[in-house]
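# Tertiary structure, described
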Amino acid sequence: MQRTYLAFQHNAKLHSLQTVVRAVRSVASLEEANKGLFKGASDEDHVVVTEQTIFHPQGGGQPSDVGTIRASSGASFDVSAVRMNQVTEGEVLHLGRFTDVSPHFKPGDLVTQTIDSEKRLLYSRYHTAGHVLGAAVRHLLENEVANFDELKASHFPDSASCEFQGLIEGKWKESIQARVDAYIDKDMPVEIDFWDENDFKANGLERLIPDRKAMGMADDEKFRVVKIKGAEVYPCGGTHVDSTQLCGKTNVKKISRSKGMSRVSYILP
């Protein structure tokens, strides 16, 4: 089975896309590993696989897109969740339900995907804001906090935070907020690029080189990176706004510490 082409990684401004159906499966027919991705699914739900997708699957700290898939025949499918297949490498599974009066898709059908643009924008703002926060904390504290390193992040609107190795004291909260504000106000461009290992090394960012084998990537395939011009570069498969100012006001909520790690949470009003 071929990988699903992730159209949103190359053009995040596509909110509608024509593509072809590869497969339609009932949730009941899924492998156990994939059933586990959709724990709230019912017997009425199906999974649709397409050649390309503009739906961002949940992952990398970002929620999945939602929306619709429609065929000229009148078949309509409401997408409620999107995940990467746990069995077939690189395949995207769109979970949802066909409308009551709608026939089902067939493999080979030409369909139009449409995402919920409002939610996409919100998730993109949160994702870029998380990168801004990570860059602000690194630039402020990498030489101030013992064993400092960036670990992981969640860009879900109800639980957005960045996690760091090392103990960040509460006294840094105002300084972090001031640095985040400065990066937002500078309206730094946010750019997408594709790098190989040599590009990381040339930019002094060997520490960021992803594990090619763990990601199931071919030897000649490049890693997608997101560059906040003037701040940081991160390997990232998510969606973003075009500049830091488009994040809007980014409020640092609190700093919590546990087991040698720190979590800095944030929220967008």
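Below or above, wherever it landed, is the structure these notes cover. (Residues numbered from 1 in each chain as written. Predicted model: local features only at pLDDT ≥ 70, side-chain atom pairs only at ≥ 80, totals over all residues. Heavy atoms only, no water.)

## Focus: the layout of surface pockets
- Space inside the largest pocket adds up to approximately 1500 Å³.
- Lining of the largest pocket is provided by 50 residues; of these, Gly 60, Met 215, Pro 235, Cys 236 and Gly 237 occupy positions nearest its centre.
- Considering only enclosed or pocket space, the second largest pocket measures out at about 330 Å³ in volume.
- Forming the walls of the second largest pocket are 19 residues, and the residues nearest its centre are Ala 12, Lys 13, His 240, Val 241 and Asp 242.
- For the lining of the second largest pocket, the elements supplying multiple residues, two or more each, are α2 (117–141) and β11 (190–195). (1 Å grid on protein atoms, 1.4 Å probe; cavity = no way out; pocket = protein on both sides within 12 Å on 5 of 7 lines; lining within 4 Å. Points joined across faces, edges and corners; volume = space filled by probe spheres on them. Helix = DSSP H or I, 4+ residues; strand = E, 2+ residues; numbered from the N terminus.)

## Things to note about the packing of α2 against helix α3 (residues 173–185)
- Running from amino to carboxyl end, α2 crosses α3 at an angle of 125 degrees, the nearest separation of the two axes being 9 Å. As summarised for this structure, α2 and α3 are arranged oblique, according to the angle between their axes. Relative to α3, the crossing made by α2 is right-handed. Judged by residue contacts, Val 132, Leu 133, Ala 135, Ala 136, Val 137, His 139, Leu 140 and Leu 141 of α2 engage Ser 175, Ile 176, Arg 179, Val 180, Tyr 183 and Ile 184 from α3.
- Its residues placed into classes, the contact of α2 with α3 shows eleven nonpolar, two polar and one charged. (Axes fitted to C-alpha atoms, helices over the stretch in contact; angles between N-to-C directions. Parallel < 35°, antiparallel > 145°, perpendicular 65-115°, else oblique. Left-handed = near helix turned anticlockwise from the far one by under 90°. Contact = heavy atoms within 4.5 Å. Nonpolar A, V, L, I, M, F, W, Y, C, P; charged D, E, K, R; others polar.)

## Quick look at the environment of Asp 181
- With respect to the helices, strands and loops of the structure, Asp 181 is situated in helix α3.
- Since its relative accessible area comes to 22%, Asp 181 is described here as partly exposed.
- On a C-alpha basis, the gap between Asp 181 and Thr 53 in space is 34 Å, while along the polypeptide they are 128 residues apart.
- Apart from the residues lying within four places of it in its own chain, the contact partners of Asp 181 are Lys 249 and Thr 250. (Buried < 20%, exposed > 50% of the residue type's maximum accessible area, 1.4 Å probe, protein only.)

## Topic: the nonpolar core
- In terms of nonpolar packing, the biggest core is built from 34 residues, with Leu 133, Val 137, Leu 141, Ile 168, Ile 176 and Val 180 touching the most fellow members.
- The set of elements that each furnish at least two residues to this core consists of α2, β10 (161–165), α3, β12 (223–228), β14 (251–258) and β15 (261–267).
- Of the residues forming this core, the biggest block, nine residues, is contributed by α2.
- For Leu 141, the contacting residues outside a window of four places in its chain are Phe 148, Ile 168, Trp 172 and Ile 176.
- Listed in part, the 19 residues of the second largest apolar core include Phe 8, Phe 77, Val 92 and Phe 98. (Core = buried A, V, L, I, M, F, W, Y, C linked by side-chain atoms within 4.5 Å.)

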